[in-house]
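One letter stands for each residue in the lines below.
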Amino acid sequence: MTSNALEKRIKRHVTGRVRDYFVIMNPGIDSGAVAEGEAILTDAERVVPALGGLEFTGKLTDCRRANLFFRTATRVLMRIETFRSERFDRLEKKLFEIPWELYLKPDSPLPEISVTARRSRLYHSDAVADRVRAAIADALPAASGMGKGADQNGEDSELRQRIFVRALEDHFTVSIDSSGEPLYKRGIKVTGGKAPLRETIGAAILRSLGYTGDGPLVDPMCGTGTFSLEGAMIAAHVPAGLYRRFAFERWPAHVPRRWESDRAEAASVIRPQSGLPRIFASDLDGAACNRLQETIAKINLLSDADGHPRWADAIGVGRVDFFDLLPKDLTAEKGTLLLNPPYGLRMGDLKKSRQMYAEIFGRLLSDWKGWQVALIAPDKRLILPDPENGKPLFRERIQSFSHGGLKVFLLTGIVK
Ligand SMILES: C[S@@+](CC[C@H](N)C(=O)[O-])C[C@H]1O[C@@H](n2cnc3c(N)ncnc32)[C@H](O)[C@@H]1O
């Protein structure tokens, strides 16, 4: 086929076509995912909740927007094909019929294949993945020649291609991942730090609290500064994906000119807050504070290089013990306090954690009255009312979510 004919097919079937997409989200925190989706995907035909995330129907431009703007999504998958299969010969036939050249470049390294099968006759995920690999290799012989490991070929992990196959009750869905590295990787942090909170979870917690950047935000166990950085991005309207690249940039349908104009338009609304820092990040660990300062300096360099206003200066960093911190030393207003103490299960034991959480509650009740608080705990018992006196804490809500394979709990409320 001539390259012209292929280009036409790509335009007709991928660039210009309305397709179904699935946005993978970390379930647990009620962050108003559909509202977030509707605000981002203004031109999409349909944005609906689905198990493990949400679905939307739209064009490639909506897919680019989803990657650029979603704060709480992990990946955006474009659905390629759905079919039923109970036998390997039919699976092979359906996979070999997929016009892979519309989705993958002829010289791209073979994609990673992720298969999950539930209540299906073809449940052996490695065997299914082998069939997918064979179908792609058949359609794109140059790609198969490049071997399995993308990194061996010097491909950026941000741009790595992945095919997702889900089988549920013999019904197969084949999708291509448009994101590459998971979207919680924003591309701005200086690496290192103990037990960092995922950006998508930090953003979901801030959304669930209704944080828009209006009041002060205090992050007194900041570690790598997830809450502070996400808060600063929300306050200054910085698109979550502005500083990273995406797998779709390697798609045959990708038009760099259009993408550049999307990014420039998105960056044009960055509005840093003027005046003194309104986001206060602190930690007992001086190295963590230094690392966050380095991250802020790195972001400032990136902002300067791109000609965007500096927004990370909204974050003030200091080395302070939370138990020595008084809100009146930071601000006269009441605002939002985000606490992610060291996880007992990973970084200490439950007894120590009990003591620490009891001390935290003591501090909250004595010094932080009127503040909106989000407190993360590795064990629900740490944030339940005191069993001794049955006295309710300031609790308004407890939610649970999964973080790095652990079930974690989140208490939110206003300290009374
Ligand atoms: C689970 S980590 C926080 C991770 C952070 N949210 C992030 O995204 O990187 C807990 C942090 O609490 C800090 N910490 C422990 N005790 C503290 C205290 N008394 N005052 C301030 N920070 C403390 C630790 O140094 C560590 O950086």
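Each chain has its residues counted from 1, running along the sequence as written. Given that this is a predicted model, residues contribute local features only at a pLDDT of at least 70 and side-chain atom pairs are listed and counted only at 80 or more, while totals for whole chains, interfaces and linings are drawn from all residues.

Let us now look at the overall build of the protein. Each helix is a run of H or I in the DSSP string that is no shorter than four residues. Each strand is a run of E no shorter than two, and both are numbered from the N terminus. A count of helices and strands for the protein gives 12 helices and 14 strands. What the globule rule says is 2.2 Å times the number of residues to the power 0.38, and the radius of gyration is computed from C-alpha atoms. For the protein, the C-alpha radius of gyration of 23 Å lies close to 22 Å, the compact-globule estimate for 416 residues. Counting other C-beta atoms within 10 Å of a residue's own tells you its class, since 20 or more makes it buried, 12 or fewer makes it exposed, and anything in between is partly exposed; those C-beta atoms are placed from the backbone. The buried share of the protein, reckoned over its 416 residues, is 40%. Remark: residues whose backbone-derived C-beta atoms lie within 7 Å of one another are considered to be in contact. For the protein, long-range pairs separated by at least 24 residues make up 77% of all intrachain contacts whose partners lie at least 6 apart in sequence.

Turning next to the pairing of strand β12 (residues 372–377). With six of six residues buried, β12 lies mostly within the body of the structure. Bridge count for strand β11 (residues 336–339) against β12 is four bridges, and the pairing is parallel. The residue bridging threonine 336 from the neighbouring strand is glutamine 372, located in β12. Here a strand pair is declared whenever DSSP counts at least two bridges between the two strands. Where β12 lies against strand β14 (residues 406–414), six bridges are found, and the strand directions are antiparallel. Bridge pairing links alanine 374 to threonine 412 in β14.

Here is the check we use: build the C-beta atom from the backbone, and if it is within 6 Å of the molecule or strand, call the residue near. Residues in close proximity to the ligand total 23 residues, the closest being Pro196, Met221, Gly223, Thr224 and Thr226. Tallied by class, residues from the shell around the ligand come to 14 nonpolar, five polar and four charged. Residues are grouped as follows: Ala, Val, Leu, Ile, Met, Phe, Trp, Tyr, Cys and Pro are nonpolar; Asp, Glu, Lys and Arg are charged; all remaining types, including Gly, are polar.

Working definition: the nonpolar core is a set of buried Ala, Val, Leu, Ile, Met, Phe, Trp, Tyr and Cys residues, joined through C-beta atoms within 7 Å. Counting residues in hydrophobic clusters, the biggest one holds 105 residues, and the most contacted among them are Tyr21, Val23, Ala66, Ile136, Val165, Ala232 and Leu339. The dominant element in this core, judged by the number of residues it contributes, is helix α8 (residues 226–236), at six residues. Taken together, domain 1 (3–177) and domain 2 (199–240 + 265–414) each give at least three residues to this core, which thus spans both. With sequence-adjacent residues up to four places away left out, isoleucine 136 is seen in contact with Trp100, Leu104, Leu110 and Ala143. Residue ranges assigned to each domain were obtained from an automatic or database domain assignment.

Topologically, valine 408 is positioned in strand β14. With 21 C-beta atoms packed within 10 Å, valine 408 lands in the buried category. With 29 residues separating them along the chain, valine 408 and aspartate 379 place their C-alpha atoms 6.6 Å apart. Sequence-distant contacts of valine 408, defined by excluding residues within four places in its chain, comprise Ile376, Pro378, Ser400, Phe401 and His403.

On to unusual backbone geometry. The phi torsion at alanine 195 lies on the positive side, around 45 degrees, for a residue other than glycine. Within the secondary structure, alanine 195 sits in the loop between β7 (171–177) and α7 (199–208). Judged by the 15 C-beta atoms lying within 10 Å of it, alanine 195 falls in the partly exposed class. Even without being glycine, histidine 237 reaches a positive phi, approximately 60 degrees. Tracing the backbone shows histidine 237 in the loop between α8 and α9 (256–267). Of the residues examined, histidine 237 has 16 C-beta atoms within 10 Å and is grouped as partly exposed.

Glancing now at the sheet that holds β14. Overall, mixed pairing links the seven strands, which are arranged β10-β9-β8-β11-β12-β14-β13 in an open sheet. The open sheet has two edge strands, β10 (315–319) and β13 (397–403), and neither has a second partner. Across the sheet, the mean angle separating the axes of adjacent strands is 20 degrees when strand polarity is ignored. Alignment of strand β8 (residues 217–219) against strand β9 (residues 279–283), held across three bridges, turns out to be parallel. Bridging from a neighbouring strand, aspartate 219 pairs with alanine 281 of β9. For every element, the axis is a line fit to its C-alpha atoms; helices are fit only across the contacting stretch, and the angle between N-to-C directions ranges from 0 to 180 degrees.

It is worth spelling out helix α12 (residues 350–367) at this point. The span you would expect from a helix comes to 1.5 Å times its residue count less one. The end-to-end C-alpha separation of α12 is 25 Å, in line with the 26 Å expected for 18 residues at 1.5 Å each. Along α12, the residues that are buried comprise Ser353, Tyr357, Ile360 and Leu364. Buried residues in α12, looked at end-on, bunch into an arc of 60 degrees, giving them a common side. Residues of α12 that are exposed and angled more than 90 degrees away from the buried face: Lys351, Lys352, Gln355, Ala358, Gly362 and Ser366. The reported arc concerns the directions from the helix axis to the C-beta atoms and nothing else.

What follows deals with the domain arrangement of the protein. Examined at the domain level, the protein breaks down into domain 1 (3–177) and domain 2 (199–240 + 265–414). Taking only C-alpha atoms, the centre of domain 1 and the centre of domain 2 are 34 Å apart. Taken together, the 14 residues of domain 1 in the interface contact 16 residues of domain 2. At the level of elements, α3 (60–69) and β4 (73–84) are the ones that each hand at least two residues to the side of domain 1 that touches domain 2. Per-class residue counts for the side of domain 1 that touches domain 2 are five nonpolar, six polar and three charged.

It is at 9 Å that the axes of helix α4 (residues 88–97) and helix α5 (residues 125–139) come closest, and there the two elements cross at 35 degrees. For the crossing formed where α4 meets α5, the hand is right-handed. Judged by residue contacts, Phe88, Leu91, Glu92, Leu95 and Phe96 of α4 engage Val128, Arg131, Val132, Ala135 and Asp138 from α5. Across the contact of α4 with α5, the residue classes break down as seven nonpolar, no polar and three charged. Note: crossing handedness is left-handed where the near helix turns anticlockwise from the far helix by less than a right angle, and right-handed where it turns clockwise.

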